[in-house]
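# Working through the structure, step by step
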Amino acid sequence: MATATDPRPLADLEQDAIARVETEMARRAKGVKPWTTREYVERIEAVHVRYAQRRHWLRTHEQEAAA
């Protein structure tokens, strides 16, 4: 997530999070218990949900700061 010390746009951070999920999927594919397609999709969806909630929170709190 974006912090005061990380000025990168949320879209970039979201893509980084998705890349980490894909890296973990590749790592697990070589192991004893690889992820199923469903587990992979659920983790990608969780990333999108987390960043959508963060964007919503930022939009609502920008209005409070402006007041």
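In what follows, the accompanying structure is described. Computed from a predicted model, the values in this text were never measured in an experiment. (Residues numbered from 1 in each chain as written. Predicted model: local features only at pLDDT ≥ 70, side-chain atom pairs only at ≥ 80, totals over all residues. Heavy atoms only, no water.)

### A closer look at the packing of aromatic side chains
For the structure shown, the criterion picks out zero aromatic pairs. Over the ring of Trp35 we find Arg43; its NZ or CZ atom is 4.3 Å from the centre of that ring. (Phe/Tyr/Trp six-rings, centres within 6.5 Å; stacked < 30°, edge-to-face > 60°. Lys NZ or Arg CZ within 6 Å of the ring centre and 35° of its normal.)

### Focus on the side chain of Glu39
You can see Glu39 is positioned in helix 2 (residues 37-66). Although Glu39 lies buried, it forms no salt bridge, and the closest oppositely charged side chain, Lys33, sits 4.3 Å away as judged by the N-O distance. In terms of polar contacts, Glu39 uses its side chain to reach the backbone amide nitrogen of Thr36, at 2.7 Å. If sequence neighbours within four positions are ignored, Glu39 has contacts with Lys33 and Pro34. (Helix = DSSP H or I, 4+ residues; strand = E, 2+ residues; numbered from the N terminus. Buried < 20%, exposed > 50% of the residue type's maximum accessible area, 1.4 Å probe, protein only. Lys, Arg positive; Asp, Glu negative; His and termini not counted. Salt bridge = Lys/Arg side-chain N within 4 Å of Asp/Glu carboxyl O. Polar contact = N/O pair within 3.5 Å; in protein donor to acceptor, adjacent residues only side chain to side chain. Contact = heavy atoms within 4.5 Å.)

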